[in-house]
Amino acid sequence: MMPIRDELLLARTRRQFFRDCGLGVGSLALASLTQPQLFGKAPAATRDDPTAPKKPHFAAKAEHIIYLHMAGAPSTLDLFDPKPKLQEMNGKVCPDEYVRGQQFAFLRGKPILLGSPHKFAPRGKCGQVISDVLPHLHTVADEICVVRSMYTDQFNHAPAQLFVHTGSPRLGRPGMGAWLSYGLGTLNQNLPGFVVLISGTAAPDGGASLWGSAFLPTIHQGVPLRSQGDPVLFLSDPKGMDRDDRRRSLDTLKELNEMHLEAVGDPETLTRIRQYELAYRMQTSVPGVMDIGKESRRTLESYGARPGERRFANNCLLARRLVESGVRFVQLYHWGWDSHGDNRGNDLRYGFVDRCRETDQPIAALLKDLKQRGLLEKTLVVWGGEFGRTPMNELRGGPGSKWIGRDHHQHAFALWMAGGGVKAGYSHGTTDDLGYHVAEKPVHVHDLQATILHLFGLDHERLTYRSQGRDFRLTDVHGTVVKDVVA
């Protein structure tokens, strides 16, 4: 995807050349002949707008994505994957063949199986089986595609979140939104192409690396916006500076940066120019988009939104407004799903149900709102966590504990998607009788990433960026498009 001349510049800017050169003036003369762009005007390719809309590899089904990440990893055994056998064996020791040689985050000894405390029933015309703790989602069951056969390589929060959103459990890889911005550009030059909204009791464990750009140009990184207070910190003009003063200062900075670009040819200088200009435009564009008080009372009530508060419901409504305004990737994180069962706040009967109440109504309202406005067809909505939860009770408080919860589990979990070219009312894959392993149609995290890119018209094997002497991609060297879920 990257022009070869940009690759050369990234590999050897003038500053890097002088820093690394140890062969004297003769080498400088040779380089001036073979790579004159290192010593003079930057090539036109580096002056192109890196955020300008780009053509996909093939016809896309989706233009936008709203990714609802439930940080902490909700127990999908208690939401989408009922197990009669697990109910039958509730309170019994887990069979040894399941745990022999297995690693767990916290479970020790001979763990006890735990049936779900919640009831399940088929919902909608499609018969999608959903727990009773998500009554609002029941009303949109025919819109969602539930994948019950997800699995991952990680079972701790930070590396697992990084794995889902960057394709690697280690720091230093671009987020999925950064890849989409790089591959397709933005649809609104006055707003970031990748926006992040955070709610819940804490930020996600993976931190800002989840929406970072890593080795991609930094113009593609996610921009966190806030539903309470100033939407973007330090975006407003300081006291005593009006818009004309700000414009003059930016024009001067732009001239200086362009001089630097002419002299050095570093593509990151162009990114710096674009970021200053975007920030200036955002001063007028962001406040209007972020003002949910402009919505009707009926809309606010349907989401359960309250202007001025830091709430997941507000963020869902903001997600619709941002997509409507042309933002390509809107990432929501809502922390609080780490249901280990060592107190009321993370017990499957109490804190877990509280998280469901916080998210269920606004998510259903979001899907209905997108559909009513004709946006769902081209907006992919994804709901999920970073891994699953064990079929066993963790019993953190020891034998006889009054709290119930589940440990981290990498081998099987569920997520759902809606809109954006996926099959509505469809169920994909199954797990075994205890919900421990995937039984049919396994979907690895890299397969999910490949499928999301495919829905945007991008071949995950062709969307690459050269860094440190090799081509990188979101799916690394893995991933297969799950064509069964594509409409």
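The structure presented is a predicted model; accordingly, all values stated were derived computationally and were not measured.

K.L.:
Honestly, the overall build of the chain in this entry has me stumped. Any pointers?
P.N.:
When helices and strands are counted, the chain shows 14 helices and 18 strands. Out of the 487 residues belonging to the chain, those deemed buried represent 56%. A separation of at least 24 residues holds for 77% of the contacts in the chain among residues at least 6 apart in sequence. Counting only carbon and sulfur atoms, one obtains 51% of the accessible surface of the chain, whose full area is about 20700 Å².

K.L.:
Sorry if this is basic, but what is going on with helix α13 (residues 351–372) here?
P.N.:
Helical periodicity: at 3.6 residues per turn, an α-helix aligns residues three or four positions apart in one direction. The end-to-end C-alpha separation of α13 is 32 Å, in line with the 32 Å expected for 22 residues at 1.5 Å each. Bending of α13 peaks at approximately 30 degrees at the position of threonine 359, with proline proline 362 no more than four residues after it. Within two residues after α13, glycine 374 carries a phi angle of roughly 75 degrees, on the positive side.

K.L.:
What exactly am I supposed to notice about the pattern of salt bridges here?
P.N.:
Oppositely charged side chains are able to pair whenever their charged atoms sit close together. As enumerated under the stated definition, the model contains 23 salt bridges in all. A salt bridge links lysine 371 to glutamate 143; the nearest nitrogen and oxygen atoms lie 2.5 Å apart. Of this pair, lysine 371 sits in helix α13 while glutamate 143 is found in the loop between α6 (135–138) and β5 (144–151), placing the two residues 228 residues apart along the sequence. Look at lysine 371 and you get partly exposed, because its relative accessible area is 49%. Residue arginine 311 pairs with glutamate 309 through a salt bridge whose shortest N-O separation is 3.7 Å. Among the charged side chains, a salt-bridge network with shared partners connects Glu295, Arg320, Arg321, Glu324, Asp369 and Arg373.

K.L.:
For this particular structure, what's the right way to read the confidence of the model for the chain?
P.N.:
Keep in mind that low pLDDT regions are not for reading the predicted coordinates in detail. With 86% of its residues at a pLDDT of at least 70, the chain reaches an overall mean of 88. pLDDT under 50 marks residues 27–46. Its contacts with residues more than four places away, or in other chains, come to 38 contacts.

K.L.:
For this particular structure, what's the right way to read a nonpolar patch on the surface?
P.N.:
Taken together, Leu253, Leu256 and Met259 make up a surface patch of nonpolar side chains, about 290 Å² in accessible area. Summarising the element assignment, leucine 256 is placed in helix α9 (residues 243–264).

K.L.:
For this particular structure, what's the right way to read the environment of isoleucine 144?
P.N.:
Relative to the helices and strands, isoleucine 144 resides in strand β5. In the structure, isoleucine 144 is positioned 18 residues away from cysteine 126 in sequence and 9.8 Å away in space, judged by C-alpha atoms. Apart from residues no more than four positions distant in its own chain, isoleucine 144 is found in contact with Gln128, Ile130, Leu137, Leu367, Trp416, Met417, Ala418, Lys423, Ala424, Gly425 and Tyr426.

K.L.:
Can you help me understand the side chain of glutamine 410 in this one?
P.N.:
Structurally, the position occupied by glutamine 410 is in the loop between β11 (406–409) and β12 (413–418). Using a relative accessible area of 15% as the deciding quantity, one classes glutamine 410 as buried. Those residues in contact with glutamine 410, other than ones at most four positions away along the chain, are Tyr151, Thr152, Asp153, Gln154, Phe155 and Phe387.

K.L.:
Sorry, what's going on with the sheet that holds β11 here?
P.N.:
The strands that make up a sheet are held in pairs by hydrogen bonds between backbone atoms, and each pair lies either parallel or antiparallel. The three strands lie next to each other as β2-β10-β11, forming an open sheet whose pairing is antiparallel. The sheet is open, and its two edges are formed by β2 (112–113) and β11, each paired on a single side. Pairing of β2 with strand β10 (residues 388–393), which is carried by two bridges, proceeds in the antiparallel orientation. If you follow leucine 113 over to β10, its bridge partner there is methionine 392.

K.L.:
Help me out: how do you make sense of the pairing of strand β3 (residues 120–123) in this one?
P.N.:
Regular strands place side chains that alternate from one sheet face to the opposite one. Note: β3 against strand β4 (residues 128–131), four bridges, orientation antiparallel. Residue pairing for β4: alanine 121 is matched across the bridge by isoleucine 130. The loop that links β3 with its antiparallel partner β4 comprises four residues; one of these, glycine 124, has a positive phi angle of about 75 degrees.

So, how was this worked out
Residues numbered from 1 in each chain as written. Predicted model: local features only at pLDDT ≥ 70, side-chain atom pairs only at ≥ 80, totals over all residues. Heavy atoms only, no water. Helix = DSSP H or I, 4+ residues; strand = E, 2+ residues; numbered from the N terminus. Buried < 20%, exposed > 50% of the residue type's maximum accessible area, 1.4 Å probe, protein only. Contact = heavy atoms within 4.5 Å. Areas by Shrake-Rupley, 256 points an atom, 1.4 Å probe, with all protein chains shown as cover. Expected span 1.5 Å × (residues − 1). Bend = angle between axes of the 7 residues up to and from the residue. Salt bridge = Lys/Arg side-chain N within 4 Å of Asp/Glu carboxyl O. pLDDT = per-residue confidence, 0-100. Patch = residues over 30% accessible without salt bridge, like charges linked within 9 Å, V, L, I, M, F, W, Y side chains within 5 Å. Pairing = 2+ DSSP bridges.

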